[in-house]
Amino acid sequence: MLSVENPTTYYTATRKYDLKFPDLEGDIEAEVVVIGGGFSGVNTALELAERGVKDIVLLEARYLGFGGSGRNGGHVMAGIGHDLERIRKSVGEDGLKAIFEISDLGGTIIRERIAKYDIQADFRHGYGYLGFNKRQGKLLQTWEKEFRELNPNDEIEYLEGSAVRDIVGSKAYTCALKHMGNGHIHALNMLLGSAKALASLGGKIFENTPVVEVTYGETITIRTAKGSIKAKKILWSCGAFLDRLEPELHKTTINTYAYQLVTEPLSDSLIEQISPIRGAFSDIRPVIEYYRVTNENRLLFGSATKLVEYIPNNLKEWNRGLMLNIFPYLKDVKIDLAWGGPMECSANLFPQIGTLPGRPNAFFVQGYSGFGVTPSHVVSRVIAEGMTNGSRHWDVMSSIPRKRVIGKENWRNLICTLGKVVHQVEGYGNGRR
């Protein structure tokens, strides 16, 4: 069965940064405290430090990248949420336009940060959005126009039939959208490199420091097992590991699970067959399958259960079956590692940001719904704007209402299953099925 205590993943096995930070002991003061050492927490703290904010403290209950930031697909792709149409009624046409403007900014932020801080994240260009039928092909052609509008200098091309095999060696797909401005990274090294940059700018990072109590007011007091912090502002960025610590945030997300595997190192010729562009790929179905070629010539493949929510007993065999549906010629390839873990989903599958009701100095971010590596870099910038001078993008994104997920403590599997069924049915209407 799955264990999330100390999962061994491809990322932990190939990390290039040996960073260790102390736990907090004693009482200190700060301007901003960030709770959560994943992409959103580290990136927002770094954005604030780059804006000249002093005395930033980041608290991580376990170690940096313990959650989804350290065990994901590592894809650098376009978009912020699963489907912008889901929030049209909440933000209106002008608001939707404002979000669309920044929807493909994540890859640029990642590339700029890698260059600025010399982060060893193994960034590689090359992405394919993949379809199985004409309906999905029509949606991909729409995306081609939108992506070209946002990034006119990137190589972006819609492909059909045999041309799909120019980027991915599988007969499963009938169409694809190649986006050479997108690509993939070693996610944990990206996170740790950003944390190193944060520390170099004066940010204080504490690991193995779970928060036990937060008292709000004009000055916020955060108490830990061995100390406390008094701060002017706080950011909740706990992802799937909030664990009821902030009830207002706990009630508006639900955890589901995703799983990945990585193969043994493969030959150059086999890698060339899998992907001539050595890229990252995902289909566009409501519950996607995603994969990429790593720098060590491995295939990293991931997905989640399509309809019924459950944790497979054998992660290697479960994910291997999905992989072989796409690449049957890998039947003799060994699987070196398989892992998985929880990710928090919002009702509209769109990131939730804002301030807690009646607490203008208590900020939050949650609900990436399995789509967080690239969007978190955009969203973190928006949050940093909201925590300093404000912005149009902050105003729009923080205005999106959150819906309570009722009954998740007792009926999590059932609620997630019903959600997946609805999501799959909606896929026929929005071109994803």
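Quick note: structure is the one above.
These notes cover the structure that comes with them.

What counts as what
Residues numbered from 1 in each chain as written. Predicted model: local features only at pLDDT ≥ 70, side-chain atom pairs only at ≥ 80, totals over all residues. Heavy atoms only, no water. Disulfide = S-S within 2.5 Å. Buried < 20%, exposed > 50% of the residue type's maximum accessible area, 1.4 Å probe, protein only. Helix = DSSP H or I, 4+ residues; strand = E, 2+ residues; numbered from the N terminus. Polar contact = N/O pair within 3.5 Å; in protein donor to acceptor, adjacent residues only side chain to side chain. Contact = heavy atoms within 4.5 Å. Salt bridge = Lys/Arg side-chain N within 4 Å of Asp/Glu carboxyl O. Pairing = 2+ DSSP bridges. Expected span 1.5 Å × (residues − 1).

Some details on the state of the cysteines
No. 1: The final tally for this structure, using the stated rule, is zero disulfides.
No. 2: Cysteine Cys345 shares no disulfide, and the gap to the nearest cysteine sulfur, in Cys416, comes to 6.7 Å.
No. 3: In this structure Cys345 comes out as buried when scored by relative accessible area, which is 11%.

Considering the side chain of Arg298
No. 1: Note that Arg298 resides in the loop between strand 15 (290-293) and strand 16 (299-303).
No. 2: Arg298 gets classed as buried once you look at its relative accessible area, which sits at 17%.
No. 3: In terms of polar contacts, Arg298 uses its side chain to reach the side chain of Asp336, at 2.7 Å.
No. 4: Discounting residues that sit within four places of it in the chain, Arg298 has contacts with Tyr10, Val262, Thr263, Glu264, Pro265, Ile271, Arg292, Val293 and Asp336.

Looking at the pattern of salt bridges
No. 1: If you walk through the whole model with that rule in mind, you get 26 salt bridges.
No. 2: Between Arg223 and Glu213 there is a salt bridge whose closest N-O contact spans 3.1 Å. Of this pair, Arg223 sits in strand 11 (residues 220-224) while Glu213 sits in strand 10 (residues 211-215), and the two are ten residues apart along the sequence.
No. 3: Under the relative-accessibility criterion, Arg223 is labelled partly exposed at 41%.
No. 4: Between Lys251 and Glu248 there is a salt bridge, with its nearest N and O atoms 3.3 Å apart.
No. 5: Via salt bridges that share partners, Glu47, Glu50, Arg51, Arg113, Lys116 and Arg381 belong to a single interconnected network.

Digging into the sheet that holds strand 8 (residues 183-184)
No. 1: Read from one edge to the other, the open sheet built from three strands follows the order 3-8-4, with strand pairing classed as antiparallel. Looking at the sheet topology across the chains shown, the edges are occupied by strand 3 (75-76) and strand 4 (124-125).
No. 2: In the sheet, strand 4 pairs with strand 8 via two bridges, with the strands oriented antiparallel. The residue bridging Arg124 from the neighbouring strand is His184, located in strand 8.

Here we look at helix 6 (residues 187-200)
No. 1: Across its 14 residues, helix 6 extends 20 Å between first and last C-alpha, which sits within 8% of the 20 Å expected from 1.5 Å per residue.
No. 2: Among the 14 residues that make up helix 6, eleven are buried, leaving the element largely enclosed by the rest of the structure.
No. 3: Within the sequence span of helix 6, burial applies to Ala187, Leu188, Asn189, Met190, Leu191, Leu192, Gly193, Ser194, Ala195, Ala197 and Leu198.
No. 4: Residues of helix 6 that are buried in the fold lie against helix 1 (10-13), helix 2 (39-50), strand 2 (56-59), helix 4 (106-117), strand 9 (204-206) and helix 10 (375-387).
No. 5: Backbone geometry just downstream of helix 6 places Gly202 in the positive-phi region, at approximately 100°.

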